[in-house]
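Chain by chain, the residues:
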Amino acid sequence: DGGITQSPKYLFRKEGQNVTLSCEQNLNHDAMYWYRQDPGQGLRLIYYSQIVNDFQKGDIAEGYSVSREKKESFPLTVTSAQKNPTAFYLCASSMTGNQPQHFGDGTRLSIL
Amino acid sequence: GEDVEQSLFLSVREGDSSVINCTYTDSSSTYLYWYKQEPGAGLQLLTYIFSNMDMKQDQRLTVLLNKKDKHLSLRIADTQTGDSAIYFCAESYGSSNTGKLIFGQGTTLQVKP
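These remarks concern the structure in this document. Bear in mind the structure is a predicted one, so any value in this text is a computation, not a measurement.

Bringing the layout of surface pockets into the picture now. By volume, the largest pocket amounts to about 340 Å³. As for the largest pocket, its lining consists of 23 residues, and the residues nearest its centre are Gln 37, Pro 39 and Gly 40 of chain A together with Gln 37 and Ile 86 of chain B. Contributions of two or more residues to the lining of the largest pocket are made by strand E9 (87-94) and strand E11 (107-111) of chain A together with strand E9 (85-92) and strand E11 (107-112) of chain B. The biggest single contributor to the lining of the largest pocket is E9 of chain B, with three residues. Of the residues in the lining of the largest pocket, the class split is 10 nonpolar, 10 polar and three charged.

See the structure below:
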């Protein structure tokens, strides 16, 4: 079945530690996105990529980094510079930038 | 800046119709979307409407778009307990094809038996 797979479902980070969230899609979509969701709020865009080897900052990129070396993969690293990383992280993809986005099931990140 | 506003909570009885409302600010939006989120899950695309349309119907779902008032609504007919979830309205912002979306804060729909 085609879809978007995020792993792990739950992740814990120690102070000063970098962690990487995985996002893989087998939909052959060109564009991929990372969002952050905080309780009672909508989604905020962290980074997006419209094509392999290219990505742009979203509205809240500080403390995060991404790479897009393969079409199907768009990993997100939450660095130690991100002072409030506890949130629900959602990855999405779309055929192109002006097509509907489809979402993975999310990764919940907590601080130990 | 661009903004999307939704009411936070709606409660209906099973079998009634639900209407979830959304207002947006970017008049150049190309598409407007409705997503559903169940607890602990990602977002499920329900439907979307192109900005040059006034209405779109898809089985129990009806989307109405009033471009003059920048108002979008989602009507769910014959609401079921399985429809209980958070519903997000989103607009594509800007006229470019970046795919950037602005989301509302979500409307929690509670369906009582």
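Our focus in this paragraph is the packing of aromatic side chains. A ring pair, where both rings are aromatic, is described by two values, the distance of the centres and the angle of the planes. A full pass over the atoms with the stated rule returns 13 aromatic pairs over all chains. Relative to Phe 103 of chain B, the ring of Tyr 35 of chain A lies with its centre 5.5 Å away and its plane at 85 degrees, an arrangement referred to as edge-to-face. Highlighted residues: Tyr 35 of chain A in strand E4 (residues 31-37) and Phe 103 of chain B in strand E10 (residues 101-103), drawn from two different chains. According to the relative accessible area criterion, Tyr 35 of chain A is buried, its value standing at 1%. With a centroid separation of 6.3 Å and an interplanar angle of 80 degrees, the aromatic rings of Phe 103 of chain A and Phe 103 of chain B are classed as edge-to-face. With Phe 103 of chain A in strand E10 (residues 102-103) and Phe 103 of chain B in strand E10, the pair connects residues from two separate chains. The exposure classification of Phe 103 of chain A matches that of Phe 103 of chain B, with both residues buried. Three or more aromatic residues joined by ring pairs make a cluster, and in this case those are Tyr 33, Tyr 35 and Phe 103 of chain A together with Tyr 31, Tyr 33, Tyr 35, Tyr 48, Phe 50 and Phe 103 of chain B. For Arg 68 of chain A, the ring lying beneath its charged end belongs to Phe 74 of chain A, and the centroid distance is 6.0 Å. Over the ring of Tyr 48 of chain B we find Lys 56 of chain B, and its NZ or CZ is 4.3 Å from the ring centre.

Definitions and limits used
Residues numbered from 1 in each chain as written. Chains lettered and ligands numbered in written order. Predicted model: local features only at pLDDT ≥ 70, side-chain atom pairs only at ≥ 80, totals over all residues. Heavy atoms only, no water. 1 Å grid on protein atoms, 1.4 Å probe; cavity = no way out; pocket = protein on both sides within 12 Å on 5 of 7 lines; lining within 4 Å. Points joined across faces, edges and corners; volume = space filled by probe spheres on them. Helix = DSSP H or I, 4+ residues; strand = E, 2+ residues; numbered from the N terminus. Nonpolar A, V, L, I, M, F, W, Y, C, P; charged D, E, K, R; others polar. Phe/Tyr/Trp six-rings, centres within 6.5 Å; stacked < 30°, edge-to-face > 60°. Buried < 20%, exposed > 50% of the residue type's maximum accessible area, 1.4 Å probe, protein only. Lys NZ or Arg CZ within 6 Å of the ring centre and 35° of its normal.

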